[in-house]
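Residue-level listing of the chains:
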Amino acid sequence: MRKSFPAVRVLIILTSAFFAARTLAVEPDLEFRLGGKFAAKVSLVDLQDKIKSHRVRFFNVLMNKEKTYEAFSLKDVLNFAYQTNWVSDQYSDIALIALDGYEAVSSLGKLQEDGGLLAFRDLDINNGWEPIGDKKVDPAPFFLIWTGKNQTPKAAYPWPWQVVALDLLRFEDQYPAIVPKGAPIDSSAYRGFELFRTRCLLCHAMDQNGGKIGPDLNAPQSIAAYRSKHMIKEFIKNPSKYRYSQMPDNPDLSDLNLEDLYHYFRFQMERKAKEH
Ligand code: HEC
């Protein structure tokens with residue numbers, strides 16, 4: 001009995017090393033940043049240990065069907081990671097960073113609402129996730145979903161998939177040129193700005209501040225200075241009708257949404273003209 005003990009121990013060490021390796025390979029991490037700087041990295045296992053998860057069945061507007069996921073309430077995740085920081089005046093927004101580096105930015109006001117959930121498992125299929133989007137991508141490791149009827153991408157709620165990191169930030173510090181300074185919060189330009197930062201900023205910049213996949217829309221000239229309003233709205237809704245490019249179609253945007261975006265572009269153009 002005594003003699004066999006070390007052998008058993010070796011076996012246990014080997015199996016636990018094997019399981020640890022397996023866990024590393026399968027279990028994803030979620031990274032938390034503060035103002036662009038690394039703050040912590042937490043594994044899904046640890047998150048599940050600390051935060052209650054829910055089984056959520058709802059109508060997924062992106063996929064146009066009923067879906068069931070296992071998910072954390074986004075508020076619980078933010079409370080766990082940032083404690084009360086994320087509801088302080090010090091920060092205004094959260095950027096949700098995807099595997100490919102794209103960032104969707106959303107105001108904290110929206111994220112404080114009920115209905116936002118960070119899904120980490122698709123319960124409709126046995127293994128993996130049902131793919132999403134035109135390119136049929138795997139939404140893993142984390143997919144931000146909203147269960148409220150009006151919490152749609154069109155109303156500027158962020159629905160990013162393949163989320164790997166969250167970044168709590170002050171929008172004006174990170175994206176000063178994007179903010180429509182002086183625009184009232186209930187104006188068309190401001191609504192356009194809210195849409196822009198959740199859906200367009202990941203690829204487009206204003207005055208070289210923002211994404212680099214698509215053209216800068218305010219420098220050296222504003223898009224509103226050299227394209228007609230009609231053409232801008234048409235193109236945003238349905239770019240694939242005009243060109244092959246990386247810009248996705250936006251069939252869900254209403255005419256009012258497109259007007260708001262246009263007014264935002266005009267506002268930024270006029271603001272810049274006044275500053276110079
Ligand atoms: C995945 C990246 C991506 C996203 C997201 C994206 N765009 Fe684009 N966009 C592009 C690319 C790339 C081009 C350049 C296409 C070309 O050269 O034809 C472009 C071009 C444009 C143009 C210029 C068209 C022209 O006439 O030259 C406008 C305006 C525009 N996008 C607005 C938007 C708005 C508004 C949103 C958000 C609702 C958005 N884009 C989201 C990548 C993106």
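All figures in this text were calculated on a predicted structure; none of them were measured in a lab.

Rules and cut-offs
- Residues numbered from 1 in each chain as written.
- Predicted model: local features only at pLDDT ≥ 70, side-chain atom pairs only at ≥ 80, totals over all residues.
- Helix = DSSP H or I, 4+ residues; strand = E, 2+ residues; numbered from the N terminus.
- Contact = placed C-beta atoms within 7 Å.
- Near = placed C-beta within 6 Å.
- Nonpolar A, V, L, I, M, F, W, Y, C, P; charged D, E, K, R; others polar.
- Pairing = 2+ DSSP bridges.
- Axes fitted to C-alpha atoms, helices over the stretch in contact; angles between N-to-C directions.
- Parallel < 35°, antiparallel > 145°, perpendicular 65-115°, else oblique.
- Domains from an automatic or database assignment.
- Core = buried A, V, L, I, M, F, W, Y, C linked by C-beta atoms within 7 Å.
- Buried ≥ 20, exposed ≤ 12 C-beta atoms within 10 Å, placed from the backbone.

Novice: Give a description of the overall build of the protein chain that names residues and reports values.
Specialist: Helix and strand counts for the protein chain stand at nine helices and 11 strands. Seen along its three principal axes, the alpha-carbon backbone of the protein chain occupies a region of about 85 × 40 × 30 Å. Residue pairs at least 24 apart in sequence account for 60% of intrachain contacts in the protein chain once pairs closer than 6 positions are excluded.

Novice: Explain the site of the ligand to me, using residue names and the numbers behind them.
Specialist: Residues in contact with the ligand amount to 21 residues; listed here are only the nearest, C200, C203, G214, S245 and M247. Tallied by class, the residues present in the shell around the ligand amount to 13 nonpolar, five polar and three charged.

Novice: Pulling in residues and values, what's your account of the sheet that holds strand β8 (residues 143-146)?
Specialist: Spatially, four strands are ordered β3-β4-β7-β8 in an open sheet, and the strand pairing comes out antiparallel. Edge positions in the sheet fall to β3 (53-60) and β8, since each has one partner strand and no second. The mean angle between the axes of side-by-side strands here comes to 55 degrees, regardless of whether they run parallel or antiparallel. As defined by bridge partners, strand β7 (residues 116-122) adjoins β8 across four bridges and the pair is classed as antiparallel. Looking at the pairing, L117 lines up with I145 of β8.

Novice: Give me the sheet that holds strand β2 (residues 37-43): which residues, what numbers.
Specialist: Each strand in a sheet pairs with another by means of backbone hydrogen bonds, the pair being arranged parallel or else antiparallel. Taking strand neighbours across the sheet as the criterion, the five strands line up as β2-β1-β9-β5-β6 in an open arrangement whose pairing is mixed. Both outer strands of the open sheet, β2 and β6 (103-107), are each paired with one neighbouring strand and no more. On average, each strand axis in the sheet is tilted by 20 degrees relative to the strand beside it, whichever way the strands run.

Novice: Break down the packing of helix α6 (residues 188-199) against helix α9 (residues 255-275) for me, with residues and values.
Specialist: The geometry of a pair of packed helices is captured by two quantities: the angle between their axes and the separation between those axes. One way to put it is that α6 packs onto α9 with a least axis distance of 7 Å and a crossing angle of 100 degrees. Classified by the interaxial angle, the pair formed by α6 and α9 is roughly perpendicular. Residues S188, A189, R191, G192, F193, L195 and F196 of α6 touch α9, and the partners they reach there are N257, E259, D260, L261, H263, Y264 and F267. Residues that form the contact of α6 with α9 fall into these classes: seven nonpolar, four polar and three charged.

Novice: Describe in detail the pairing of strand β1 (residues 29-34), supporting the description with residues and values.
Specialist: Where a strand is regular, its side chains alternate between the two sheet faces. In this sheet, β2 lies alongside β1 in antiparallel orientation, the contact comprising six bridges. By the bridge assignment, F32 is partnered in β2 with A40. Adjacent in sequence and paired antiparallel, β1 and β2 are bridged by two residues, among which G35 carries a positive phi angle near 55 degrees. Strand direction decides the pairing type here: β1 and strand β9 (residues 163-169), joined by four bridges, are parallel. Among the inter-strand pairings, F32 is bridged to a residue of β9, identified as L166.

Novice: I'd love a proper account of the domain arrangement of the protein chain, names of residues and values included.
Specialist: Domain boundaries in the protein chain define domain 1 (27-173) and domain 2 (176-275). Distance between the C-alpha centres of domain 1 and domain 2: 25 Å. Counting residues per element, the ones that place at least two in the side of domain 1 that touches domain 2 are β6 and α5 (171-174). The residue makeup of the side of domain 1 that touches domain 2, split by class, is seven nonpolar, one polar and four charged.

Novice: Describe in detail the nonpolar core, supporting the description with residues and values.
Specialist: One broad trend across soluble globular proteins is that nonpolar side chains are buried collectively. Counting 56 residues, the largest nonpolar core has A71, L96, L118, A119, L144, I145 and L261 as the members making the most contacts within it. Examining the composition of this core, we find that six residues originate from one element, α9, more than from any other.

Novice: Give a detailed account of unusual backbone geometry, specifying residues and quantitative values.
Specialist: Cis geometry is adopted by the peptide bond preceding P141, which originates at A140 and carries an omega value of 5 degrees. Within the element layout of this structure, P141 appears in the loop between β7 and β8. Here A219 and P220 are connected by a cis peptide whose omega angle stands at -5 degrees. Tracing the chain through its elements places P220 in the loop between β11 (209-210) and α7 (223-226). A positive phi angle is found at N64, which is not glycine, with a value near 60 degrees. Here N64 lies in the loop between β3 and β4 (65-73).

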